[in-house]
Amino acid sequence: SQQGEEDPQALSIQEGENATMNCSYKTSINNLQWYRQNSGRGLVHLILIRSNEREKHSGRLRVTLDTSKKSSSLLITASRAADTASYFCATDRSNDYKLSFGAGTTVTVRA
Amino acid sequence: NAGVTQTPKFQVLKTGQSMTLQCAQDMNHEYMSWYRQDPGMGLRLIHYSVGAGITDQGEVPNGYNVSRSTTEDFPLRLLSAAPSQTSVYFCASSVGTANTGELFFGEGSRLTVL
């Protein structure tokens, strides 16, 4: 069964705006990751946040993790057309090699 | 480095046929895995391996076999294809010490079973 679920399922924004998507999960995790998938391509790793971290930045990406609420958010600032893609959260549990993905959020950035 | 290479990119099978999806990585990664991606369902783990000679089942292993005779290769075998196995298959690898870590994905193999 899927551990993580993203919200919203789809998001359409204007270039230059910020995009925020959320991920909720069910059981305790070791770390949480975010991936991007462009249409017809493989997934690309964006960022990993460990269970003892609360916030992490990478370029225009900001990820937060709230383990008490079992949720994470991904913020993309100053979006560009090239950010149009599907975004997935993935979680794994301690001593567990089974990385579990959510169904993803499809982001469309309009020029 | 080529990263993770999957072949073939596209394949059409008839029900009952067998085939092997190939996956190779040149990063000396211990961990390798196979996922299938279906619309609206994200990625589901089929099988994974934490090193040569070691394989284990994921979330949806039925109808698939794997082996890991070398660090580089992790083929996925469909023994008797069924229409329910129509999907896009992704192979992924990682350094994999203690847990999965950052996965590197191939470009996918799109399989249609008629």
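To be clear, the structure that these remarks concern was listed above.
Residues numbered from 1 in each chain as written. Chains lettered and ligands numbered in written order. Predicted model: local features only at pLDDT ≥ 70, side-chain atom pairs only at ≥ 80, totals over all residues. Heavy atoms only, no water.

## Focus: the sheet that holds strand β3 (residues 19-25) of chain B
Residue and element names in this part refer to chain B.
Move 1: The sheet built from four strands is open, its strands ordered β1-β3-β8-β7 with antiparallel pairing. Of all the strands in the sheet, just β1 (4-7) and β7 (64-66) have a single pairing partner and so form its edges. Between one strand axis and the next, the sheet turns through 20 degrees on average, direction left out of account.
Move 2: In the sheet, β7 pairs with strand β8 (residues 76-78) via three bridges, with the strands oriented antiparallel. Directly across from Val66, in β8, lies its bridge partner Leu76. (Pairing = 2+ DSSP bridges. Helix = DSSP H or I, 4+ residues; strand = E, 2+ residues; numbered from the N terminus. Axes fitted to C-alpha atoms, helices over the stretch in contact; angles between N-to-C directions.)

## What to know about unusual backbone geometry
Move 1: The omega torsion across Asp7 of chain A and Pro8 of chain A is 0 degrees, close enough to zero to call that bond cis.
Move 2: Within the secondary structure layout, Pro8 of chain A lies in the loop between β1 (4-7) and β2 (10-14).
Move 3: Here the amide bond leading from Thr7 of chain B into Pro8 of chain B is cis, since omega sits at -5 degrees, within 30 degrees of zero.
Move 4: Phi at Asn28 of chain B is positive, roughly 60 degrees, even though this residue is not glycine.
Move 5: Mapping Asn28 of chain B onto the fold places it in the loop between β3 and β4 (31-37).
Move 6: Looking at Asn28 of chain B, the relative accessible area reads 59%, which means it is exposed. (Buried < 20%, exposed > 50% of the residue type's maximum accessible area, 1.4 Å probe, protein only.)

## Examining the packing of aromatic side chains
Move 1: Tallying each qualifying case throughout the model produces eight aromatic pairs over all chains.
Move 2: With 5.3 Å between their ring centres and 85 degrees between their planes, Phe101 of chain A and Tyr35 of chain B make a pair best called edge-to-face. With one member in each of two chains, Phe101 of chain A in strand β10 (residues 100-101) and Tyr35 of chain B in strand β4 form a pair that bridges those chains.
Move 3: A relative accessible area of 0% means that Phe101 of chain A is categorised as buried.
Move 4: Cluster of aromatic residues (ring-pair linked, three or more members): Tyr35 and Phe101 of chain A together with Tyr35, Phe90 and Phe105 of chain B.
Move 5: Its guanidinium or amino end placed over the ring of Phe74 of chain B, Arg68 of chain B lies 6.0 Å from that ring's centre, counting from NZ or CZ. (Phe/Tyr/Trp six-rings, centres within 6.5 Å; stacked < 30°, edge-to-face > 60°. Lys NZ or Arg CZ within 6 Å of the ring centre and 35° of its normal.)

## Side note on the sheet that holds strand β6 (residues 55-58) of chain A
Residue and element names in this part refer to chain A.
Move 1: On the basis of which strands lie adjacent, the open sheet formed by five strands has the order β1-β3-β8-β7-β6 and antiparallel pairing. The open sheet has two free edges, formed respectively by β1 and β6, since each of these has just one partner strand. On average, each strand axis in the sheet is tilted by 20 degrees relative to the strand beside it, whichever way the strands run.
Move 2: Where β1 and strand β3 (residues 19-25) come together, four bridges link them in antiparallel fashion.

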